[in-house]
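The chain contents come next:
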Amino acid sequence: MGGRAGSWRSLSDSEGEETASDPQPPLLDHQGAHWKNAVGFWLLGLCNNFSYVVMLSAAHDILSHERVPGNQSHAVLLADILPTFGIKLLAPLGLHMLPYSPRVLISGLCAAGSFILVAFSHSVGTSLCGVVLASISSGLGEVTFLSLTAFYPRAVISWWSSGTGGAGLLGALSYLGLTQAGLSPQHTLLSMLGIPVVLLASYFLLLTSPEPQDPGGEAEAETAARQPLIGTEAPESKPGCSSGLSLQERWTVFKSLLQYILPLVLVYFAEYFINQGLFELLFFRNTSLSHAQQYRWYQMLYQAGVFASRSSLHCCRIHYTWALAMLQCLNLAILLADTWFSFLPSIYLVFLIILYEGLLGGAAYVNTFHNIALETSNEHREFAMAAACISDTLGISLSGLLALPLHDFLCHLS
């Protein structure tokens, strides 16, 4: 990292007056580095969540053919949430001891392993192991790449978030499209093995080597071109990283993050309470859409809203994320009341509410991490980004504890 950047500067200095009199090459190098990092983080976000979305869809598909007694979704949900929750809970304490490159390799291998396990699964246990590997890959990847943004200009947070939002749409559509086109779930999954390869290539070949800097706005981006990460020092070796923080310092920083973490937990609690507990109950008979088609439309509109708002940081920045949490809770109250009283007159009104739900959730995610990057010091930023990752998984876990029993209770009443 530093060696290559230093050699670039030495080469520039040795060019003498000719280089000094021509400012254009450094400008072009800076623009090239900016776009390489932007595309790199977008692809990392896409691939990190893409594997997860595709594999979960396939796991449900395969489990449906296994004739398992009981509620399969409960087992899938546990295998989905618990590994990620464990990783994100422990990451702020000890994950910094493992360099970034091995973490990325583990994440990519787990993603590939999840595809292979579920593709060749002949039992529920094997399929659930695939879900666990995908959960490990996604959780480890999110903690790693969000921590990595601390060493780059803040703009990469927007690109990462946009990529994760795009994964929800593209992942579900690609699996559905390929299976509808006639590919078996097994061959569809095996065709997705290129996704972990793209993730590894984006990290090792596309991202440029980070340097000590104030990761400000776009105008304060890096001042020189950087080399690809492969063959360079790992980011954790650079000055200003958070690996030297004491436990007391980490606890102090974590307490200061609660103003960002709690609203995001509440947003995800309300969001996934709707998705896990209410989507199947919001059924309209006065429409040409079947129950399954209505559910698919709910999922697609939700993912479209998430993608749009996670890509919106350049045009809309929100500091008070508590407002988003309150609005999401209002969505939950309206839709929960409708499952009891059926007062909403049209499915299209529900479509709008669910699209709006996705917009609120995506906006809360990208603005929370942008605000953390903006308001934490260079010394604490890497740790802060990793610590705040627990927010979404904690909200999803809490919603699952309440939403699934409520869903079963409401089903027994109907």
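These remarks concern the structure in this document. Quantities reported herein were computed from a predicted structural model and do not represent experimental measurements. (Residues numbered from 1 in each chain as written. Predicted model: local features only at pLDDT ≥ 70, side-chain atom pairs only at ≥ 80, totals over all residues. Heavy atoms only, no water.)

If you tally the helices and strands in the protein chain, you get 15 helices and zero strands. Buried residues in the protein chain amount to 51% of all 414 residues. Residue pairs in contact within the protein chain that sit at least 24 positions apart in sequence constitute 84% of those at least 6 positions apart. If you sum the accessible surface of the protein chain, you get close to 17,800 Å²; carbon and sulfur atoms cover 68% of it. (Helix = DSSP H or I, 4+ residues; strand = E, 2+ residues; numbered from the N terminus. Buried < 20%, exposed > 50% of the residue type's maximum accessible area, 1.4 Å probe, protein only. Contact = heavy atoms within 4.5 Å. Areas by Shrake-Rupley, 256 points an atom, 1.4 Å probe, with all protein chains shown as cover.)

Positive phi is not limited to glycine here, since Ser342 has a value of about 50°. Tracing the backbone through its elements, the reader meets Ser342 in the loop between helix H12 (321–341) and helix H13 (347–375).

Attention now moves to H13. Taking 1.5 Å as the rise per residue, H13 with 29 residues should run 42 Å; its terminal C-alpha atoms sit 42 Å apart, in good agreement. Of the residues flanking the start of H13, the one acting as N-cap is Ser346, its side-chain oxygen 3.1 Å from the backbone nitrogen of Tyr348. (Expected span 1.5 Å × (residues − 1). Polar contact = N/O pair within 3.5 Å; in protein donor to acceptor, adjacent residues only side chain to side chain.)

What follows is about helix H7 (residues 155–180). For H7, built from 26 residues, the straight-helix expectation of 38 Å at 1.5 Å per residue is met to within 8% by its first-to-last C-alpha distance of 38 Å. The axis of H7 is deflected most strongly, by about 30°, at Ala167. Positive phi shows up at Gly182, right after H7, with a value of about 115°. (Bend = angle between axes of the 7 residues up to and from the residue.)

A separate point is the nonpolar core. What tends to happen in soluble globular proteins is that the nonpolar side chains get buried as a cluster. Leu148, Tyr203 and Phe369 are the most contacted members of the largest nonpolar core, which has 70 residues in total. Looking at this core, the element that brings in the most residues is helix H3 (residues 24–63), giving nine residues. Leaving out residues up to four positions away in the same chain, Phe369 has contacts with Leu146, Ile157, Leu264, Met385, Ala388 and Cys389. Residues Phe284, Leu332, Ile347 and Ile354 belong to the second largest nonpolar core, which totals 21 residues. (Core = buried A, V, L, I, M, F, W, Y, C linked by side-chain atoms within 4.5 Å.)

Moving on: the packing of H7 against helix H11 (residues 291–310). Orientation of H7 relative to H11, taken along the N-to-C sense of each, is 160°, at an axis distance of 8 Å. Overall, the two elements H7 and H11 adopt an arrangement that is roughly antiparallel. When you trace H7 past H11, the crossing you get is left-handed. The segment H7 lies against H11, with Ser158, Ser161, Ser162, Thr164, Gly165, Gly166, Gly168, Leu169 and Leu173 engaging Met300, Gln303, Ala304, Val306, Phe307 and Arg310. For the contact of H7 with H11, a count of residues per class yields six nonpolar, eight polar and one charged. (Axes fitted to C-alpha atoms, helices over the stretch in contact; angles between N-to-C directions. Parallel < 35°, antiparallel > 145°, perpendicular 65-115°, else oblique. Left-handed = near helix turned anticlockwise from the far one by under 90°. Nonpolar A, V, L, I, M, F, W, Y, C, P; charged D, E, K, R; others polar.)

Here we come to the packing of H7 against H13. Relative to each other, H7 and H13 sit at 160°, their axes nearing to 10 Å. The orientation of H7 relative to H13 falls into the category roughly antiparallel. Like other packed secondary-structure pairs, H7 and H13 cross with a definite hand, here right-handed. Within the contact between the two elements, H7 uses Ile157, Ser158, Trp160, Ser161 and Thr164 and H13 uses Tyr365, Val366, Phe369, His370 and Ala373. Grouping the amino acids of the contact of H7 with H13 by side-chain chemistry returns six nonpolar, four polar and no charged.

Attention now moves to a nonpolar patch on the surface. A surface patch of nonpolar side chains, about 440 Å² in accessible area, is lined by Leu89, Leu90, Leu93 and Leu247. No other element matches helix H4 (residues 72–94), which puts three residues into the nonpolar patch. Mapped onto the fold, Leu247 is located in helix H10 (residues 247–278). (Patch = residues over 30% accessible without salt bridge, like charges linked within 9 Å, V, L, I, M, F, W, Y side chains within 5 Å. Salt bridge = Lys/Arg side-chain N within 4 Å of Asp/Glu carboxyl O.)

Our focus in this paragraph is the packing of aromatic side chains. On inspection of all chains with the given rule, the structure shows 14 aromatic pairs. Between Tyr203 and Phe204, the ring centres sit 4.8 Å apart and the planes meet at 85°, which makes this aromatic pair edge-to-face. Under the relative-accessibility criterion, Tyr203 is labelled buried at 1%. For Phe204, a relative accessible area of 16% gives the class buried. Relative to Phe254, the ring of Trp251 has its centre 6.0 Å away and its plane inclined at 20°; by these criteria the two rings are stacked. Pair noted here: Trp251 and Phe254 are both in helix H10, with a separation of three residues, about one helical turn. The side chain of Arg103 reaches across the aromatic face of Tyr100, ending 4.3 Å from its centre. Against the face of Tyr365 rests Arg310, its NZ or CZ located 3.8 Å from the ring centre. (Phe/Tyr/Trp six-rings, centres within 6.5 Å; stacked < 30°, edge-to-face > 60°. Lys NZ or Arg CZ within 6 Å of the ring centre and 35° of its normal.)

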